[in-house]
Amino acid sequence: MTTYEMLIGGEWTKASPRKTFDVFDPATGKVIAKVPEASPADVDRAVKAARAAFDGGWRDATAQERGRILFRLAQKMRDELPRLAELETRNSGKPIVESEYDLTDVATCFEYYGGLATKLHGEVLPVPDNAVSLALREPLGVAGQIIPWNYPLLMAAWKLAPAICAGCSMVIKPAEQTPLSLLEFARFFEECGLPKGVVNVVTGFGPTGAALVAHGDVDKVAFTGSMEVGKIIMKSAAATLKKVSLELGGKSPNIFFADADFEAAVDGALFGVFINQGEVCSAGSRVLIQRPIYKKMLDAMVEKARTIKLGSGLDRETKMGPVVSKEQMARILKYQRIGKGEAKVAVGGGRATGKGLDKGYFVQPTIFYDVNNSARIAREEIFGPVMSVIPFDDEAEALKIANDTPYGLAAAVWSRDIFKCFRVVKRLQAGIVWVNHMQPTYVEAPWGGYKMSGVGRELGPWGAEEYMQIKQVHINLNESPIGWY
Ligand code: NAI
Ligand code: MG
């Protein structure tokens, strides 16, 4: 078993006091590593290191230099991919094939922002005076970044890459359940050219994150996680008026009209909510089906759901691994119980047992049907393989149900009628909308939520913008006095 240290100011360090916590393999329930539990004093040390790095030269690093570092990080990720993908699976439970996709996306994310670094620039404004007016883009300074456990290294990359691109320094905290892939990857930061202290990694639970959010010398906080913690973060950040970006998940509708391609619909509904054990912020957890195909589609989904192969994520045949932790399993089992009182069970509804499953945190892929949109399983984020199927009659009713949620991260609509699809797209209150697909996303495109699903956007140029501030510069070209007094 490995005992890890954290990275502060380019040095590997223990927590002070020297506390550690256990990290588990969710497929077996066994402890696989020990990791430092950073105190507020450690967080303060990390923020000071980030500030020192920013003021000590990083703020003057050229865009080309920052871009090259990002390209080296991308190449390193590709070189280390098999080993890190295995570690990601061992720690998070997700199928190895999904870890490989995730880490390929990590490399692509570093490459994208490597290229973008030299394309970020300010503007020259045509003001009505004999002057040059400029809008300069400058890095915000020190960023605090708080990461969830569902896509450990990918969510870290979505925050590290744009911040490095923009020229910030940062303190990043992985989730307590899944810190290992980031700690391993951080070993390569220096050889990829990142100056000491530009990226600091602190490990710990909620209070470690809270210390980072409250810190007076952090200029911006980027968070992905629960709506509940998002609210706490926004409140805490108000005391120092730091900039905040939040990605808070959802209860996304996946809408199927009767004229959709049937086979694609069945597959798309299952993929939308069962991929990554349903631990996906944009999971299509509410499946809305038009009445003419309701029964037929439900039956076809159930038949396929029964064939989903559960097991260790390290087995290449596995389509669904364990959920991330004992707590998350308990949360899902609780919602499965709640659902049985609110709707009908078509398949699943409990813990998954059997050979190779009993020690791990496995839950059955579960489909509830005849769900009313006011039920708790239709309103609250479960973050597990639990689908709520809701019937509808027409376009207007589908939209009403789809938008009747405090969340607004994602949505999807399936139909062969492009007119209907685009009418629905325009009315959906969601930051990401798919037509005849659900889940694929690209670093080029914006990611973030409407309504209570979040604040700000990640990825693309929008992601870098979150780490910059704008400076107006007015250069007077009149040599004579203003002539006012
Ligand atoms: P969480 O929101 O508590 O944890 C996410 C991250 O925030 C972790 O790094 C955690 O250490 C940190 N954190 C926790 N409390 C904090 C605080 N007061 N200040 C600063 N940082 C803090 O999520 P949790 O408890 O692991 O999962 C609960 C539910 O949250 C899930 O069932 C799911 O519904 C939702 N969730 C949504 C995610 C998304 O992608 N939007 C990701 C993870 C969880
Ligand atoms: Mg929590």
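Up top is the structure these notes are about.
Residues numbered from 1 in each chain as written. Chains lettered and ligands numbered in written order. Predicted model: local features only at pLDDT ≥ 70, side-chain atom pairs only at ≥ 80, totals over all residues. Heavy atoms only, no water.

On to the overall build of the protein. Helix and strand content of the protein: 14 helices and 21 strands. For the protein, the C-alpha radius of gyration of 24 Å lies close to 23 Å, the compact-globule estimate for 485 residues. Counting over 485 residues, the protein shows a buried share of 57%. Residue pairs in contact within the protein that sit at least 24 positions apart in sequence constitute 74% of those at least 6 positions apart. (Helix = DSSP H or I, 4+ residues; strand = E, 2+ residues; numbered from the N terminus. Rg over C-alpha atoms; globule rule 2.2 N^0.38 Å. Buried < 20%, exposed > 50% of the residue type's maximum accessible area, 1.4 Å probe, protein only. Contact = heavy atoms within 4.5 Å.)

With 15 residues, helix α9 (residues 291–305) extends 21 Å from end C-alpha to end C-alpha; this agrees with the ideal 21 Å at 1.5 Å per step. Maximum bend of α9: about 25 degrees, positioned at M297. Those residues of α9 that sit buried are I293, Y294, M297, L298, A300, M301, V302 and A305. Looking at the buried residues of α9, the elements they touch are β13 (253–256), α8 (262–274), β14 (286–290), β15 (344–347), β16 (366–369) and β17 (386–392). (Expected span 1.5 Å × (residues − 1). Bend = angle between axes of the 7 residues up to and from the residue.)

Take the site of ligand 1 next. W149, E176, S226, R331 and E381 are the nearest of the 29 residues found near ligand 1. About the coverage of ligand 1: the protein hides 89% of its 810 Å² of free accessible area. At the level of secondary structure, the elements contributing two or more residues to the shell around ligand 1 comprise α6 (206–214), β11 (220–224), α7 (227–238) and α10 (326–342). For the shell around ligand 1, the per-class residue count stands at 15 nonpolar, nine polar and five charged. (Near = heavy atom within 4 Å. Areas by Shrake-Rupley, 256 points an atom, 1.4 Å probe, with all protein chains shown as cover. Nonpolar A, V, L, I, M, F, W, Y, C, P; charged D, E, K, R; others polar.)

Our next topic: the side chain of S181. Looking at where S181 falls in the secondary structure, it is placed in helix α5 (residues 180–186). Not counting residues within four places of it along the chain, the set of residues in contact with S181 comprises L84, L87, E88, P152 and L153.

Further remarks concern the nonpolar core. L73, F110, Y113, F189, M297, M301 and I367 are the most contacted members of the largest nonpolar core, which totals 113 residues. By residue number, the principal contributor to this core is helix α4 (residues 152–166), which donates twelve residues. If you look at the next biggest cluster of nonpolar residues, it comprises 31 residues, including L333, I338, L399 and L428. (Core = buried A, V, L, I, M, F, W, Y, C linked by side-chain atoms within 4.5 Å.)

Turning our attention to the packing of aromatic side chains. One pass over the full model with this rule turns up ten aromatic pairs. Each ring, one from W158 and one from W447, has its centre 5.7 Å from the other, and the planes form 70 degrees; the classification is edge-to-face. Placement of the pair is W158 in helix α4 and W447 in the loop between β19 (432–435) and β20 (454–455), with a sequence separation of 289 residues. The exposure class assigned to W158 is buried, which follows from its relative accessible area of 8%. With a centroid separation of 5.2 Å and an interplanar angle of 25 degrees, the aromatic rings of F256 and W414 are classed as stacked. Here F256, found in strand β13, pairs with W414, found in strand β18 (residues 410–414); they are 158 residues apart in sequence, far enough to count as distant. Across this residue pair, the class does not change: F256 and W414 are buried. Through pairs of rings, three or more aromatic residues link up here, namely F110, F185, F188 and F189. Above the ring of W12, the side-chain terminus of R187 is found at 5.7 Å from the ring centroid. (Phe/Tyr/Trp six-rings, centres within 6.5 Å; stacked < 30°, edge-to-face > 60°. Lys NZ or Arg CZ within 6 Å of the ring centre and 35° of its normal.)

A few words now on the environment of H121. Counting through the fold element by element, H121 comes out in the loop between α3 (96–116) and β6 (123–125). Taking relative accessible area as the criterion, H121 reaches 54% and is therefore assigned exposed. Sequence separation between H121 and F271 is 150 residues; the distance between their C-alpha atoms is 40 Å.

Looking now at empty space enclosed by the protein. Rolled over the atoms, a probe as big as a water molecule pinpoints where empty space is left. Evaluation of the coordinates by the stated rule reveals four cavities of 30 Å³ or more. Taken together, 14 residues line the largest cavity, and the ones lying closest to its centre are A283, S285, E381, I382 and F383. The class makeup of the residues in the lining of the largest cavity is seven nonpolar, five polar and two charged. In this structure, the second largest cavity occupies an estimated 60 Å³ of space. Residue lining of the second largest cavity: 14 residues in total, with P253, Y407, G408, A410 and Q429 positioned closest to the centre. Partitioning the lining of the second largest cavity into residue classes produces eight nonpolar, five polar and one charged. (1 Å grid on protein atoms, 1.4 Å probe; cavity = no way out; pocket = protein on both sides within 12 Å on 5 of 7 lines; lining within 4 Å. Points joined across faces, edges and corners; volume = space filled by probe spheres on them.)

What follows is about the pairing of β11. Taking burial as the measure, the five residues of β11 include five buried ones, the bulk of the element. Burial along β11 is two-sided: K220, A222 and T224 and V221 and F223, pointing in opposite directions, are all buried. Pairing of strand β8 (residues 142–146) with β11, which is carried by four bridges, proceeds in the parallel orientation. Residue pairing for β11: Q145 is matched across the bridge by A222. Where β11 meets strand β12 (residues 243–247), five bridges bridge the pair, whose relative direction is parallel. What sits directly across from A222, in β12, is S245. Read as a crossover between parallel neighbours, the route from β11 over α7 to β12 is right-handed. (Pairing = 2+ DSSP bridges. Right-handed = clockwise from strand over helix to strand, strands pointing away.)

Within the secondary structure, G348 sits in the loop between β15 and β16. Look at G348 and you get partly exposed, because its relative accessible area is 33%. For the pair formed by G348 and R306, sequence separation is 42 residues and the distance between their alpha carbons is 8.4 Å. With residues up to four places along the chain from it excluded, the contact list for G348 reads Q364, P365 and T366.

Turning next to the sheet that holds strand β21 (residues 468–476). Strand order in this open sheet of three strands is β6-β7-β21, and the pairing throughout is antiparallel. Each having just a single partner strand, β6 and β21 make up the two edges of the open sheet. Sheet twist, expressed as the mean angle between neighbouring strand axes with direction ignored, is 25 degrees. In terms of strand pairing, β6 meets strand β7 (residues 131–139) through three bridges, oriented antiparallel. Across the sheet, E123 pairs through a bridge with A135, a residue of β7. (Axes fitted to C-alpha atoms, helices over the stretch in contact; angles between N-to-C directions.)

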